[in-house]
Amino acid sequence: MSEIIVFAGTTEGCDISNFLAEHQIHVLACVATDYGSKSLKENEYLKIHAGRLTEPEMEALLNEKKPEMVLDATHPYAAEVTENIRTACQNTGLEYRRVLREAGAYQDQAVYVPDTQAAIEFLEGTEGNILLTTGSKELGKYTALSDAGERIYARVLSLPSVMETCKGYGFEGKHLIGMQGPFSMELNAAMLRQFDCKYLVTKDTGKAGGFQEKIDAALSCGTVPVIIGRPLKEKGLSVAECRHMLAEYFGFTVKPHITLLGIGMGSQETLTVQGKKAAKSADLIIGAKRMADAVREPGQAVVYEYRSDVIADYIRNHPEYEKVVIALSGDVGFYSGARKLLTALGGRESNVEVICGISSVVYFMSEIGLSWDDAKITSAHGKHCNLISMIRHNQKVFSILGIGTAVAELAGKLVKYHMGEVLLYVGENLSYPDEKIFVKKAEELTNYEGQPLSVVCAFHENPEPALSTHGIPDEEFIRGKAPMTKEEVRSVSLSKLRLTEDSICYDVGAGTGSVSVEMALRADQGQVFAIEKKEEAAALLEENKQKFAVDNLEIIKGEAPQALENLPAPTHAFIGGSSGNLKEIVALLLGKNPQVRIVINCITLETISEALDVLKEYDFQQREVVQLAASRSKEISRYHLMMGENPIYIITCQNPKMRK
């Protein structure tokens, strides 16, 4: 007994038959001819019945096989066959389901006619050659058209019987094209140009029937599509809906093939051939609207979504889709959502394929004629990025931007930090018809209003070398009367902090900002918060911030610990002055991040005592006390005397065990 009988012969019918057999459901696929079964291969679960059936013969077959369900996946123009199948099911009491091919996208430039006779009547009043792609069944009717033998080029199946029939209608030689589809847009266009066709006659055969490829080819060649409308206004299941229904009905799970596809800049021209092939064969396209629309085919199922967890849940809850493409901007390995998606989908072992695309950096740098192998590459889209530091120390910096004011904001900061001469190459809406690429000095772009979808390449002719170690000379800082941590103490204290490039740092009691500045230069992709309660010192901090172009340094005016409460959690903290609030400051730091690394400078005995109490209270697993006594030479006549500086205690602590 066959559990399902599928009246096939179409791409959809063959797909559903194979789909059922792959999931070990017994299916009998009925096709009108042996030719229609070429996409099917018999096996333990799939059997084929080839031959045209009348309604009584269909009824007899259904009574013999007694299937649980009958699926009608015949051609949308086979109205008589569909009516016979429906009647046979009614007479035998079997469940009937119609599977419909998705209609193609309509075009304003096309001519729509209800049937073949109407198409002939329309063409009678025209001039120019005609490419006829409706097959051989109704070809004889077109002989009623004046000069049919001269104007019509008929494309039919390359079967000997079909060719002989067409010859009997008077179509032969170059006017009879025997070929088997599917036909690409390019091949359709080549035929239209070869025969100088002014009209293309087709039926709306939907996506699987190559309808859109015909329309696209016609419009690209200036040919008028003449579309014969569908004969029945039917209701039924799409192929995807049918798969979902079958999976639920028989209780099996579909494991889809998922492709993470980098679509390039967004235009069809920057989509790779491999990417086009994957998108074209997909049952479902998922992505943000701009990306999904860039690759979807007319009539193709689409879900506009970019959140990884939501995408993963949707795929799990919709087993009807066997081939899913998730469209991602640019390249999947360049600031892409592919990493999160791979995790959400279960990794590559979960039948996930990754197809690379053309990244914005590759496209843009080639457009402006600069190599990118020696460029600093980053993204400021939705994330913290200290572009000023990168531009100061690198000749070329490429970055993705995320808001329309980003170029002006960057230009304003470059001017503020005395880099107004830096060239900014700006690219907007890359690869789209309204693409805009230009170059100007930063000082000319401080009021520029651009597009959110943009990139920039900053070219700094003479970048400053980055510091390779701690130790900016004291005299380099603007000092005034505010206290300053001296160079030797600063170097040891910073080495004890062990900063990384993305550290989040506090400098409590920052003074002139010598420690803050060196922190910011070290953690150039992190953030430094300089906390200072004195107005004069805060003003000096601002001057030193500008001098050293440390845009990732933020000055917080106020007294600790209150001034720290609304700041992000620190990874590192330096305490150079606590105003008697050391215990409260350490408590707040540990409350924000129990793993914060703290370095304390003590000069008075009272502060040393307070710091030792803190070490005991929290019983830090890592703790160290270093006394540093530095002396500097002073010239007196021809002699050099060593002049001692105040001794400093440098206390380092991290990872508290417990609090008493």
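Residues numbered from 1 in each chain as written. Predicted model: local features only at pLDDT ≥ 70, side-chain atom pairs only at ≥ 80, totals over all residues. Heavy atoms only, no water.

A. Expanded view of the pairing of strand β28 (residues 631–636). Here six bridges tie β28 to strand β29 (residues 639–644), and the two strands are oriented antiparallel to one another. In the strand pairing of β29, Glu635 is matched with His640. (Pairing = 2+ DSSP bridges. Helix = DSSP H or I, 4+ residues; strand = E, 2+ residues; numbered from the N terminus.)

B. The packing of helix α20 (residues 582–592) against helix α21 (residues 605–618), seen in detail. Following both chains from N to C, one finds α20 and α21 inclined at 35°, their axes separated by 9 Å at the closest point. Judged by the sense of rotation from one axis to the other, the crossing of α20 with α21 is right-handed. Between α20 and α21, the contacting residues are Leu582, Lys583, Val586, Ala587 and Leu590 on the first element and Thr607, Glu610, Ala611, Asp613, Val614 and Tyr618 on the second. A class-by-class count of the residues in the contact of α20 with α21 yields seven nonpolar, one polar and three charged. (Axes fitted to C-alpha atoms, helices over the stretch in contact; angles between N-to-C directions. Left-handed = near helix turned anticlockwise from the far one by under 90°. Contact = heavy atoms within 4.5 Å. Nonpolar A, V, L, I, M, F, W, Y, C, P; charged D, E, K, R; others polar.)

C. Region of interest: the sheet that holds strand β5 (residues 96–98). Taken in spatial order, the five strands line up as β3-β2-β1-β4-β5 in an open sheet, and their pairing is parallel. Among the strands making up the open sheet, the edge pair consists of β3 (46–50) and β5. For this sheet the average axis-to-axis angle between neighbouring strands, irrespective of direction, equals 20°. Strand direction decides the pairing type here: strand β1 (residues 4–7) and strand β4 (residues 69–72), joined by four bridges, are parallel. The residue bridging Phe7 from the neighbouring strand is Asp72, located in β4. Contacting β1, β2 (27–31), β3 and β4, helix α1 (residues 11–22) runs over the sheet at an angle of about 160° to β1.

D. Structural view of the packing of helix α17 (residues 487–497) against helix α18 (residues 514–522). Orientation of α17 relative to α18, taken along the N-to-C sense of each, is 45°, at an axis distance of 11 Å. Classified by the angle between their axes, α17 and α18 sit oblique to one another. Note on packing geometry: the crossing formed by α17 with α18 is right-handed. Note on element contacts: α18 touches α17 through Ser514, Val515, Glu518 and Met519, opposite Arg490, Leu494 and Leu497. Class assignment of the residues belonging to the contact of α17 with α18 gives a composition of four nonpolar, one polar and two charged. (Parallel < 35°, antiparallel > 145°, perpendicular 65-115°, else oblique.)

E. Region of the structure containing unusual backbone geometry. For the peptide bond that leads from Gly181 to Pro182, omega is 5°, which places it in the cis range. Position of Pro182 relative to the elements: it lies in the loop between β9 (176–178) and α7 (185–194). The amide bond that connects Ala560 to the next residue, Pro561, takes the cis arrangement and shows omega of 10°. If you trace the backbone, Pro561 turns up in the loop between β24 (553–557) and β25 (572–575).

F. Quick look at the packing of aromatic side chains. The tally for this structure, following the rule as stated, stands at eleven aromatic pairs. Ring geometry for Phe334 and Tyr335: centres 5.0 Å apart, planes at 80°, overall edge-to-face. The class for Tyr335 is partly exposed, based on a relative accessible area of 43%. Taken together, the aromatic side chains of Phe334, Tyr335, Phe364 and Phe398 make up a single cluster linked through ring pairs. Taking the ring centre of Phe183 as reference, the NZ or CZ of Arg155 above it sits at 3.7 Å. The ring of Phe19 carries Arg243 above its face, with NZ or CZ at 5.8 Å from the centroid. (Phe/Tyr/Trp six-rings, centres within 6.5 Å; stacked < 30°, edge-to-face > 60°. Buried < 20%, exposed > 50% of the residue type's maximum accessible area, 1.4 Å probe, protein only. Lys NZ or Arg CZ within 6 Å of the ring centre and 35° of its normal.)

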